[in-house]
Amino acid sequence: MADITVKINGVELTVPKGTTVLEAAHSAGFEIPTLCYMKEINEIGACRICVTEVNEGRGFRLVAGCVYPCSDKMEILTNSPKVIEARKKTLELMLSTHDKKCLSCVRSGNCEFQKLCKDYGVEDADKYDGVRNEYCIDDSAAHMYRDNNKCILCRRCVAVCGKTQGIGVIGANERGFKTYIGSAFDMGLGETSCVSCGQCIAVCPVGAISEKDYIKEVLAAIADTEKTVIVQTAPAVRAGLGEAFGLPIGTNTEGKMVAALRKLGFDKVFDTDFSADLTIMEEANEFVERVQNGGVLPMITSCSPGWVKFCEHYFPDMIDNLSTCKSPQQMFGATAKTYWAEKMGIDPNNIVSVSIMPCTAKKFEIGRDNQSAAGVPDVDYSLTTRELGRMIERAGINFAALPDEKFDDPLGIATGAGVIFGATGGVMEAALRTAIHTLTGENVTDLPEVRGTEGIKEATYKVGDLEVKVAVASGLANAREVLEKVQRGEADYQFIEIMACPGGCVNGGGQPQVPMGIRNFVDIREKRAKVLYDLDASMPLRQSHENPAIKEVYETYFGKPGSHKAHEVLHTSYVKRSVN
Amino acid sequence: MNSSKSTVPFKGTPEQEAQLLEIIREKKDSQGALMPILQKAQEIYGYLPIEVQKIISDNTGIPLEKIYGVVTFYAQFSLFPKGEYTISVCLGTACYVKGSGDIYDKLQEKLGIAGGECTPDGKFSLEACRCIGACGLAPVLTVNEDVYGRLTVDDVDKIISKYA
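### Section: the overall build of chain B
Then step 1. When you go through chain B residue by residue, the secondary structure sums to 7 helices and 4 strands.
Then step 2. Listed N to C, the secondary structure of chain B is α-α-α-α-β-α-α-β-β-β-α in terms of helices and strands.
Then step 3. Each principal axis of the C-alpha distribution contributes one length, and for chain B these read about 55 × 30 × 30 Å.
Then step 4. Among the 164 residues that make up chain B, the fraction classed as buried is 30%.
Then step 5. Considering only intrachain contacts with a sequence separation of at least 6, the fraction spanning at least 24 residues in chain B is 62%.

The structure is reproduced here in structure tokens:
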């Protein structure tokens, strides 16, 4: 595209035609603040915090920098007194209907609105007195609550739910001063077909939506000497946790995370990567069986509980395509409360099984039917990466100064295949590594075709005599596209991996919130995923079936993948749900 | 937030549904189809309860919340049916300064519904209106075609009992 020249705060700059004022300013080293703007997802120019002065030959005027395109010879002022005054006034007006309980707000310290008020020197938070809307907190969903008293109506949650996830169970109701974000007919979120992915929480700039917090319950369990409290950590947690302590995006904190969990008092610190390997054993076996015995194809992965719930609501006719394997979180809990409890001689009733997940749908998953292999819930509490961050902070642990420690045996032993579960394509790659080995005896460890952050990936592999067509989708709007293609008979995949969150678990709804001002220019999915692929590459064992702890659990307990015992403990069932 | 589900039982007929489905089939593939579909739906049913919005959602693929958001945005759409008797209270300037706001409040209290809603028995619906050109009689309300003027809050009971 043709280039144009603009002058930003006196500095000349050449940019491609079509560049927005925001993007041009960013490349010149001037950040324009945003609240509603999400690149390609929510470009509505509504909140007006990005107003910037531009002169296109007819004098300076204020425009919404986030969406206004540059024109040739445009002069731009991002920081003039008029700009500062306008932004400050906007903040003061937003504050006039905002519940300013910052001291007790979960987002205090990483709230985008709070930071802007500080940056723009808002002195009087009550400058505009007057009527304020009051809303009840909606805590009807299993995983989160909504407190509209803190909502600034940026609509980022609405955009991510409707556009990125293709669900749209939340939106703006009423109009003008009465506008609020809610569901149809004021249903509680728990009554809608919300899939619990938590992407809305991950993009909320303020404390209006947050996960339900179970820190208190977990600390009480740890303090109870009768209980053996074990914890598992999902692969993606180690790739995101550092951000809660100011470490750069894409820092591997596995060792410090393990050390911190031990310091918090967990009796055993285990790894969901172990049960990811276990999932592969069951899932690869299930896939081979379906192919050989004419089972329902394509088989679709069932690791992502947001995706599973989406399938139940929006594609109820395809629940037989879902792998019957429990997710790694649930396989872990089930194995811990059966195999490990027996091995250690502990009554499963006295085990408190805690998981740390990059996910909010896991909070819903632990309460699903048929997830209690030992007669008690496989997992008792599922915490997000963010909750773990708060726990560590509250305990006064200096995270950055912690030494690297190792997971406990045997449920902390894993291969590289288990680690990459946290990135889109990872489950597919891990499953194919083992399926290829099962069918041909070959050792394959790198399948670059299914890696990367694209929303939909397709590949065909020759496995022995078999031609295996696979698809990988992340983000539920992408999942819908793939499934509709299958339903229309336009695709004949045998195996599909779907993760609810774009980029997979590394970008899960339970990961630390990254300000949109950063996310608009940095791909956090790629940076976090790199942590996992680097870890995988550095591990001596990279195929699930090579995991010695997995071999032992089959030799001494399950027999073989797909055995009766394995089905009782490690597999589950699904239900058809309606759309609301 | 009050529940915005109508308490009046939905009495849609198969004929009405067939009519609505025909409209949807005609319009759903054109851009901006939702507004004309909603307008027609309101013509057919008189209002847009959850049952009607669900038919539209199921047959267009538009999320129910998006439809509800549009319905609650525009004043032309109603979530509630019209009652046998529609009570309109003038909240125009002259009536308002003469106390029609208090009369409106009293009616909401007496009927147990908010403005724009309909009583569960389908008898009365209540709405606010702008100047009806009878300022000399302020404050004024109408019940269907009947006009009542120079009212006080105490007149409310009498008027309701006339139609109950």
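### Some points on the overall build of chain A
Then step 1. Along chain A, the regular secondary structure elements total 20 helices and 17 strands.
Then step 2. On C-alpha atoms alone, chain A measures out to a radius of gyration of 25 Å, which is about the 25 Å that the 2.2 N^0.38 rule sets for 580 residues.
Then step 3. Dimensions of chain A, computed from the C-alpha atoms along their principal axes, are close to 80 × 55 × 50 Å.
Then step 4. Relative to its full complement of 580 residues, chain A shows a buried share of 51%.
Then step 5. Counted over contacts in chain A with a minimum sequence separation of 6, partners at least 24 positions apart contribute 75%.

### Comments concerning the pairing of strand β5 (residues 74–77) of chain A
Then step 1. One ladder, built from 3 bridges, connects strand β1 (residues 3–8) of chain A with β5(A); its direction is parallel. Across the sheet, K7(A) pairs through a bridge with E75(A), a residue of β5(A).

### Focus: the packing of helix α9 (residues 272–293) of chain A against helix α15 (residues 426–440) of chain A
Residue and element names in this part refer to chain A.
Then step 1. Following both chains from N to C, one finds α9 and α15 inclined at 60 degrees, their axes separated by 9 Å at the closest point. Accordingly, the angle class assigned to the pair α9 and α15 is oblique. The two elements α9 and α15 meet at a crossing, and its hand is right-handed. In this structure, α9 uses I280, M281, E283, A284, F287 and V288 to contact α15, whose residues at the interface are A430, A431, T434, A435, T438 and L439.
Then step 2. Residues that form the contact of α9 with α15 fall into these classes: 9 nonpolar, 2 polar and 1 charged.

### Concerning the interface of chain A and chain B
Then step 1. Counting from both sides, the interface comprises 16 residues of chain A and, opposite them, 13 residues of chain B.
Then step 2. Take the side of chain A that touches chain B: its biggest share by element is 3 residues, from strand β7 (residues 171–173) of chain A.
Then step 3. When grouped by side-chain class, the residues that make up the side of chain A that touches chain B number 7 nonpolar, 6 polar and 3 charged.

### Some thoughts on the sheet that holds strand β3 (residues 141–143) of chain B
All names here are of chain B.
Then step 1. Reading across the sheet, the 4 strands line up as β2-β1-β3-β4 and stay open at both edges, with mixed pairing between neighbours. With partners counted over all chains shown, the strands left at the sheet margins are β2 (124–129) and β4 (146–148), one partner each. The sheet shows a mean angle of 20 degrees between the axes of neighbouring strands, taken without regard to direction.
Then step 2. As paired elements, β3 and β4 share 3 bridges and run antiparallel to each other. What sits directly across from L141, in β4, is Y148.
Then step 3. Sheet strands touched by helix α6 (residues 100–111): β1 (85–90), β2 and β3. Its angle to β1, the strand with the most contacts, is close to 150 degrees.

### Observations regarding the sheet that holds strand β13 (residues 351–357) of chain A
Residues and elements named next belong to chain A.
Then step 1. With parallel pairing, the 4 strands of this open sheet are ordered in space as β11-β10-β13-β14. What marks the edges here is a single partner per strand, and that holds for β11 (268–271) and β14 (381–384). Put simply, the sheet's adjacent strands are angled 25 degrees from each other on average, direction ignored.
Then step 2. Seen against the sheet, α9 touches β10 (228–233), β11 and β13 and runs at an angle of roughly 40 degrees to β11.
Then step 3. Sitting on the sheet, helix α11 (residues 328–344) touches β10, β13 and β14, and the angle it makes with β13 is about 155 degrees.

### A word on the pairing of β11(A)
All names here are of chain A.
Then step 1. Both faces of β11 are covered, namely the face carrying K268 and F270 and the face carrying V269 and D271.
Then step 2. Note: β10 against β11, 4 bridges, orientation parallel. If you follow V231 over to β11, its bridge partner there is V269.

### Notes on the domain arrangement of chain A
Residues and elements named next belong to chain A.
Then step 1. Domain boundaries assigned for chain A yield domain 1 (3–79), domain 2 (95–210) and domain 3 (216–570).
Then step 2. Taken over C-alpha atoms, the centre of domain 1 sits 27 Å from the centre of domain 2.
Then step 3. The interface of domain 1 with domain 2 comprises 10 residues on the first partner and 13 residues on the second.
Then step 4. Class assignment for the residues of the side of domain 1 that touches domain 2 results in 9 nonpolar, 1 polar and no charged.

### Some details on the nonpolar core
Then step 1. In terms of nonpolar packing, the biggest core is built from 159 residues, with I76(A), C157(A), C200(A), W307(A), A431(A), A500(A) and L532(A) touching the most fellow members.
Then step 2. If we ignore the near neighbours within four places in the chain, the residues touching C200(A) are C157(A), V160(A), C161(A), I170(A) and I209(A).
Then step 3. Of all hydrophobic cores here, the second largest spans 36 residues; its members include L38(B), Y68(B), C95(B) and C118(B).

### Examining the packing of α9(A) against α11(A)
Residue and element names in this part refer to chain A.
Then step 1. Relative orientation of the contacting elements α9 and α11 amounts to 100 degrees, with a least axis distance of 8 Å. Between α9 and α11, the angle falls in the class roughly perpendicular. Mapping the contact onto sequence places T272, F274, S275, A276, L278 and T279 in α9 and P328, Q329, M331, F332 and T335 in α11.
Then step 2. Tallied by class, residues from the contact of α9 with α11 come to 6 nonpolar, 5 polar and no charged.

### Here's the deal with unusual backbone geometry
Then step 1. Residue P298(A) is reached from L297(A) by a cis peptide bond, and omega for that bond is -5 degrees.
Then step 2. Turning to its location among the elements, P298(A) is positioned in the loop between α9 and β12 (299–300).
Then step 3. For the peptide bond that leads from A138(B) to P139(B), omega is -5 degrees, which places it in the cis range.
Then step 4. Within the secondary structure, P139(B) is located in the loop between β2 and β3.
Then step 5. Of note, R48(A) is a non-glycine position whose phi angle comes to about 70 degrees, a positive value.

About the thresholds
Residues numbered from 1 in each chain as written. Chains lettered and ligands numbered in written order. Predicted model: local features only at pLDDT ≥ 70, side-chain atom pairs only at ≥ 80, totals over all residues. Helix = DSSP H or I, 4+ residues; strand = E, 2+ residues; numbered from the N terminus. Buried ≥ 20, exposed ≤ 12 C-beta atoms within 10 Å, placed from the backbone. Contact = placed C-beta atoms within 7 Å. Rg over C-alpha atoms; globule rule 2.2 N^0.38 Å. Pairing = 2+ DSSP bridges. Axes fitted to C-alpha atoms, helices over the stretch in contact; angles between N-to-C directions. Parallel < 35°, antiparallel > 145°, perpendicular 65-115°, else oblique. Left-handed = near helix turned anticlockwise from the far one by under 90°. Nonpolar A, V, L, I, M, F, W, Y, C, P; charged D, E, K, R; others polar. Domains from an automatic or database assignment. Core = buried A, V, L, I, M, F, W, Y, C linked by C-beta atoms within 7 Å.

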